Amino acid sequence: MASARSALLFEAGAGDRCLAVSLQSVLEVLEASVPSVAIRESILFYPLVETTHVLTLCLFLGMTSTWDLRLAGCALRSVPVSQVVNRLFPWAIAGFVVMVISGGMLFLSGPVRAADNPFFRVKMVMIVLAGINAFVFHRTVFRWVEEWDESDEIPGRARLAGILSLVLWAVVVICGRMQAYNWFD
Amino acid sequence: MILPVDLLPLFEWFEDTSVGVVIRESLWLFPVIECFHLLALAMIGGNILVVDLRLLGLGMRGQTAAALARSMHPWLVGGLAAMVATGVPMFLSEAIKCYYSPPFWYKMGFFVLALAFTFTVRKRFTAKALADRIPIQGKLIALVSLGLWFTVGFSGRWIAFY
């Protein structure tokens with residue numbers, strides 16, 4: 001098995017290997033950088049960044065899950081969908097910005113270990129998928145929201161987008177939490 | 001920690017409960033329970049934020065605070081139930097560590113305060129908040145609520161550090 005795998009690796013294009021090597025070296029350069037060391041070795045700053053990252057879940061995921069639940073038909077059914085989404089949108093964006101900045105700092109504190117962790121990789125893929133789901137929702141069914149804004153019948157596509165979003169972000173949270181354990185070090 | 005009674009024997013008993021032992025001896029049980037604790041955190045945090053933002057005249061201004069609080073209430077109660085259902089087993093698995101952890105005691109103290117405030121003062125106010133404009137005491141209630149719950153969450157995270 002191992003030899004088959006290494007043979008496969010060997011046969012992979014030289015370009016692929018260069019890319020892999022250069023990504024690894026970028027991570028190593030990042031890991032040796034002053035901000036990375038500073039965050040990693042700080043006594044108070046690291047836990048503060050981590051706490052910010054966790055508690056901002058309430059702002060970011062709290063807002064998105066509120067409208068996801070509305071789309072799924074599980075909450076705020078008397079409120080037009082467009083109002084739930086539009087009024088909470090700036091708060092979700094604010095939460096997302098804080099999430100990305102604090103998450104970026106956490107990543108920067110140990111990029112090699114993070115990038116090596118399967119949970120981190122799955123988390124990043126899930127964030128991209130959640131982003132695609134949100135983009136498609138806004139570009140399609142949410143464009144003609146006036147037609148179904150106040151009806152009891154939420155279009156299947158909108159309902160699906162809400163449920164998908166809830167599931168994808170839940171997986172993001174789970175992977176994010178699991179990543180902190182040293183199971184793959 | 002200055003307490004009127006010595007609670008250490010009680011915490012030792014917590015630590016020895018079968019639930020505590022099973023979680024402590026498992027590699028993945030604690031992390032899995034913690035994940036659901038976090039998901040429930042996002043839910044109740046968002047829930048409280050939506051209503052408190054409305055009390056501050058922000059966010060979902062098209063609805064009255066009373067309507068929002070009423071429709072969010074089942075999710076708040078459900079989220080809190082999930083929080084407790086996941087928090088208690090995690091506590092049982094490390095009760096003695098919690099006993100010596102200042103953030104744990106802060107968290108419990110503020111949790112009791114936040115619960116009491118949410119289901120008395122805040123609930124009574126939001127039930128009658130049918131007007132578009134919220135009087136100043138409503139804004140104060142929102143700020144106190146946000147402050148109390150933030151402290152619960154913040155000190156909760158710090159149980160892992162101290």
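These remarks concern the structure in this document.

So, how was this worked out
- Residues numbered from 1 in each chain as written.
- Chains lettered and ligands numbered in written order.
- Predicted model: local features only at pLDDT ≥ 70, side-chain atom pairs only at ≥ 80, totals over all residues.
- Heavy atoms only, no water.
- Contact = heavy atoms within 4.5 Å.
- Buried area = accessible area lost by both parts, 1.4 Å probe.
- Salt bridge = Lys/Arg side-chain N within 4 Å of Asp/Glu carboxyl O.
- Polar contact = N/O pair within 3.5 Å; in protein donor to acceptor, adjacent residues only side chain to side chain.
- Helix = DSSP H or I, 4+ residues; strand = E, 2+ residues; numbered from the N terminus.
- Nonpolar A, V, L, I, M, F, W, Y, C, P; charged D, E, K, R; others polar.
- 1 Å grid on protein atoms, 1.4 Å probe; cavity = no way out; pocket = protein on both sides within 12 Å on 5 of 7 lines; lining within 4 Å.
- Points joined across faces, edges and corners; volume = space filled by probe spheres on them.

**Topic: the interface of chain A and chain B**
With 32 residues of chain A at the contact, the number on the chain B side is 32 residues. Taken together, the two surfaces of chain A and chain B that pack against each other cover about 2,900 Å², and 79% of this comes from carbon and sulfur. The interface formed by chain A and chain B includes two salt bridges. Measuring nitrogen to oxygen at the nearest pair gives 3.3 Å for the salt bridge that ties B:Glu34 to A:Arg177. Here chain A and chain B share six residue pairs in polar contact (both at pLDDT 80 or more) between them. Sorting the residues of the side of chain A that touches chain B by element identifies helix H4 (45-71), helix H5 (81-109) and helix H8 (156-179) of chain A as the ones contributing at least two each. Sorting elements by how many residues they give to the side of chain A that touches chain B places H4(A) first, with 14 residues. Its residues assigned to classes, the side of chain A that touches chain B shows 25 nonpolar, four polar and three charged.

**Overview of the layout of surface pockets**
One number sums up the size of the largest pocket: a volume of about 1,300 Å³. Around the largest pocket, the lining comprises 44 residues; the ones closest to its centre are B:His37, B:Lys107, B:Gly153, B:Gly156 and B:Arg157. Secondary structure elements with two or more residues in the lining of the largest pocket: H4 of chain A together with helix H3 (29-55), helix H4 (65-93), helix H5 (95-99), helix H6 (102-127) and helix H7 (136-158) of chain B. Among the residues making up the lining of the largest pocket, the classes are represented as 30 nonpolar, seven polar and seven charged. Put simply, the second largest pocket is a space of about 920 Å³. If you trace the second largest pocket, you find 34 residues lining it, with A:His53, A:Gly103, A:Leu106, A:Lys123 and A:Gln179 closest to the centre. Listing elements by their share of the lining of the second largest pocket, those giving two or more residues are H4, H5, helix H6 (111-116), helix H7 (118-139) and H8 of chain A. In the lining of the second largest pocket, the residues fall into 20 nonpolar, seven polar and seven charged.

These results come straight from atomic positions and should not be treated as a statement about function.
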